[in-house]
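# Coordinate inspection notes
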Amino acid sequence: MKTLRLILGDQLNINHSWYLKTDENIIYLMAEMRQETDYVKHHIQKVVAFFMSMRNFAKQLDTLNHTIVYFKITDENNPQNLENLIQNCIEYYKIEKFEYQLPDEYRLDEQLKSICNTLNIRSEAFDSEHFYTKRFDLKEFFEGKKMLLMETFYRMMRKKHNVLMIGDAPLGNQWNFDHDNRLKYKGQVPIPDAKIFSKNINEILDQINKSGIETIGNIDKSNFVWPTSRTECLEQLDYFCANLLKHFGDYEDASHTDEKFLFHSRLSFAMNTKMLSPHEVVNTVVNYYYKNETEITISQVEGFVRQILGWREYIRGIYWKEMPNYASMNTLENHSNLPDFYWTGKTKMNCMQKSISQSLTDAYAHHIQRLMIIGNFSLLTQMHPDQVDSWYLGVYIDAIEWVELPNTRGMSQYADGGILATKPYVSSGSYINKMSNYCTSCHYSVTEKFGDKACPFNTLYWNFLDEKKEYFAKNQRMGMMLNMLKKMNPEELYKIKVKANEIIENLNSY
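Residues numbered from 1 in each chain as written. Predicted model: local features only at pLDDT ≥ 70, side-chain atom pairs only at ≥ 80, totals over all residues. Heavy atoms only, no water.

Turning our attention to the overall build of the protein. Along the backbone of the protein there are 21 helices and 7 strands. By its C-alpha atoms, the protein is 80 × 50 × 50 Å across when sized along the principal axes. Here the protein, with 510 residues, has 58% of them falling under the buried criterion. The long-range fraction of contacts in the protein, counting pairs at least 24 apart against all pairs at least 6 apart in sequence, stands at 77%. For the protein, the accessible surface area stands at approximately 21900 Å², while carbon and sulfur atoms represent 47% of it. Seen as two clouds, the 58 positive and the 64 negative side-chain charges of the protein have centres 4 Å apart. (Helix = DSSP H or I, 4+ residues; strand = E, 2+ residues; numbered from the N terminus. Buried < 20%, exposed > 50% of the residue type's maximum accessible area, 1.4 Å probe, protein only. Contact = heavy atoms within 4.5 Å. Areas by Shrake-Rupley, 256 points an atom, 1.4 Å probe, with all protein chains shown as cover. Lys, Arg positive; Asp, Glu negative; His and termini not counted. Charge placed at Lys NZ, Arg CZ, Asp CG, Glu CD.)

Shown next, in the form of structure tokens:
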């Protein structure tokens, strides 16, 4: 029986059971498609990294003597969409069975189920063998519970997989060291240069341009920091452990004008394409910690483990529990448009200028820049979550809908009404000043609420609370701030609201 097995661009898991043995009757299919490059406008580095990673994976399969059929973006016989691709290959190779790994994006899951319904041969779906959890494990875990608290899920995962545990107790006698992960970076310790993987990306760039794919952002041919092969991903993991882990937790939430990456691992693209598994990342980091306990504290490691074993698996569970309705939720009824500077970085707000420019230049920003600067500003100016989603999905190299959508629409924009977060993640400029050095060289004053030099975050924050106060009236976590709002001098609040409306109506001037 001749079998066709589809491999999607984010299914580059060489340790999948599919590849344990070779079979001349099995054909593996991979393709770079306009269907995937065009459903949202992506960062040029993202397209290059995906194509290069896919090609490296195809070469690896070929080296292992698997039969691989690969369509480059410029191949004349590339149908550029999934349905025609599968049907053409089934006909050409006289395929008798079609197999695929379960996609992580809802749209592809629905498309593949629809395609299989039209085939006149047998089809079968397999697990991607990547995550700690199955699609609906989180839904089952929280069945009958009122709140979907990540901390509860995280503790269960720690116990279940025996990560940083001594029996049933957490290592260090506490589950979460989040309060120890909030230092402001002031150059206290030197930060090693980012690991750069030397490679020639000219051919792929030429093919992307030739194909007419529209992209955003910039790319430096001589400074490409993203790993695009299994070997490079493992090198990046080892580099993180040896050079960055010992300070990761301390400065996890910090931002700095001169430091793009700080002590972050930059492993998210490697994991989201499945070149690395979360199991091996967590196990490697934890084992490195056990071998170097005199140099690394538990708070550095727990903060990292929490992001992967806890948050990453939790986000995926939320995605599959709530889709497809989740993708259209706009509970706060926000409808503003993204300003032009989201595409240029040209704004007088230093924190936004640095974070957006970095995103456009590097296809990267760490979680605080995404959540508490760009996301915070997007929510305070009441931008439509559809537009915010599209921007985040396109601009970041690690953005695949299953992980981007809950983080953006839920955590960042509170458009899901609290399914994921217990309160909106908004703040005035004081939080940004506390966790970064952005405010010291900003055009605006972080201490002022209105006036020409007032920090827009200050003005917008109080305006947002006032505009949404009825919605948050029963939210206990918002109680203190709403009480402060009630006590505010009415004349001062009026000036703030006038200024806030001026900012929202003239965003491109700020």
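A word on empty space enclosed by the protein. Counted under the stated rule, the structure contains 3 cavities of 30 Å³ or more. The volume enclosed by the largest cavity comes to roughly 390 Å³. What lines the largest cavity is a set of 26 residues, among which G9, D10, E36, F50 and M54 lie closest to the centre. Looking at the lining of the largest cavity, the elements with two or more residues in it are β2 (26–31), α1 (34–38), α2 (44–63), α3 (82–92) and α4 (106–118). If one sorts the elements of the lining of the largest cavity by residue count, α2 sits on top with 5 residues. Grouping the constituent residues of the lining of the largest cavity by class yields 16 nonpolar, 3 polar and 7 charged. Lining the second largest cavity are 14 residues, with C351, C439, C442, V446 and C455 positioned closest to its centre. (1 Å grid on protein atoms, 1.4 Å probe; cavity = no way out; pocket = protein on both sides within 12 Å on 5 of 7 lines; lining within 4 Å. Points joined across faces, edges and corners; volume = space filled by probe spheres on them. Nonpolar A, V, L, I, M, F, W, Y, C, P; charged D, E, K, R; others polar.)

With that out of the way, let us pick up the pattern of salt bridges. This model, assessed by the stated rule, comprises 32 salt bridges. A salt bridge links E214 to K41; the nearest nitrogen and oxygen atoms lie 3.5 Å apart. Note that E214 is positioned in the loop between α7 (202–211) and α8 (230–243) and K41 in the loop between α1 and α2, a separation of 173 residues in sequence. Among the salt bridges present, the one from K321 reaches E322, with a minimum N-O distance of 2.8 Å. (Salt bridge = Lys/Arg side-chain N within 4 Å of Asp/Glu carboxyl O.)

Take helix α21 (residues 490–505) next. Relative to the 22 Å expected for 16 residues at 1.5 Å per residue, α21 spans 22 Å between its end C-alpha atoms, a close match to the ideal helical length. Listed in full, the buried residues belonging to α21 are L493, I496, K497, K499, A500 and I503. Buried residues along α21 sit in contact with α19 (456–467) and α20 (479–487). Structurally, the start of α21 carries an N-cap: the backbone nitrogen of E491 is 2.8 Å from a side-chain oxygen of N489. (Expected span 1.5 Å × (residues − 1). Polar contact = N/O pair within 3.5 Å; in protein donor to acceptor, adjacent residues only side chain to side chain.)

Take the environment of V403 next. Mapped onto the elements, V403 comes out in helix α17 (residues 401–412). Between the alpha carbons of V403 and I315 there is a distance of 6.2 Å; along the sequence they are 88 residues apart. Apart from residues lying up to four places away in sequence, V403 is in contact with N272, I315 and D398.

Quick look at the layout of surface pockets now. Approximately 390 Å³ is the volume found for the second largest pocket. Around the second largest pocket, the lining is made up of 22 residues, and of these A194, N223, V225, K260 and F261 lie nearest the centre. Taken together, the residues that form the lining of the second largest pocket break down as 12 nonpolar, 3 polar and 7 charged.

Before going further, it helps to examine the sheet that holds strand β4 (residues 97–101). Ordered by their spatial adjacency, 5 strands build an open sheet running β3-β2-β1-β4-β5, and the pairing between neighbours is parallel. The strands lining the two open edges of the sheet, one partner per strand, are β3 (67–71) and β5 (122–126). Shown here is a sheet whose adjacent strand axes are inclined to one another by a mean of 25 degrees, direction ignored. With 4 bridges joining them, strand β1 (residues 3–6) and β4 adopt parallel strand pairing. The residue of β4 that forms the bridge with L6 is Y100. (Pairing = 2+ DSSP bridges. Axes fitted to C-alpha atoms, helices over the stretch in contact; angles between N-to-C directions.)

Counting 96 residues, the largest nonpolar core has L164, V301, V305 and Y314 as its most contacted members. If sequence neighbours within four positions are ignored, V305 has contacts with Y154, R158, V163, L164, V282, V286 and G310. Within the second largest apolar cluster, 50 residues are counted, among which are L338, A365, Y392 and W462. (Core = buried A, V, L, I, M, F, W, Y, C linked by side-chain atoms within 4.5 Å.)

Between helix α14 (residues 350–362) and helix α15 (residues 367–380), whose axes approach to 10 Å, the crossing angle comes to 115 degrees. Taken together, the axis directions place α14 and α15 in an arrangement best described as roughly perpendicular. Viewed along their axes, α14 and α15 form a crossing whose handedness is left-handed. Between α14 and α15, the contacting residues are C351, M352, S355, I356, Q358 and S359 on the first element and Q369, I373, I374 and F377 on the second. When its residues are assigned to classes, the contact of α14 with α15 shows 6 nonpolar, 4 polar and no charged. (Parallel < 35°, antiparallel > 145°, perpendicular 65-115°, else oblique. Left-handed = near helix turned anticlockwise from the far one by under 90°.)

Here the focus is the pairing of β5. Bridge count between β4 and β5: 5 bridges; the pairing is parallel. The residue bridging Y100 from the neighbouring strand is A125, located in β5. With α4 bridging β4 and the parallel β5, this β-α-β connection has right-handed handedness. (Right-handed = clockwise from strand over helix to strand, strands pointing away.)

This next bit is on unusual backbone geometry. Each neighbour pair has its own omega, and for M323 with P324 the value is 5 degrees, a cis peptide bond. Structurally, P324 can be placed in the loop between α12 (298–322) and α13 (341–344). The backbone of L262 sits at a positive phi, close to 50 degrees, despite the residue not being glycine. By secondary structure assignment, the location of L262 is in the loop between α9 (245–248) and α10 (268–272). Even without being a glycine, Y414 presents a positive backbone phi close to 50 degrees. Note on placement: Y414 falls in the loop between α17 and α18 (429–435).

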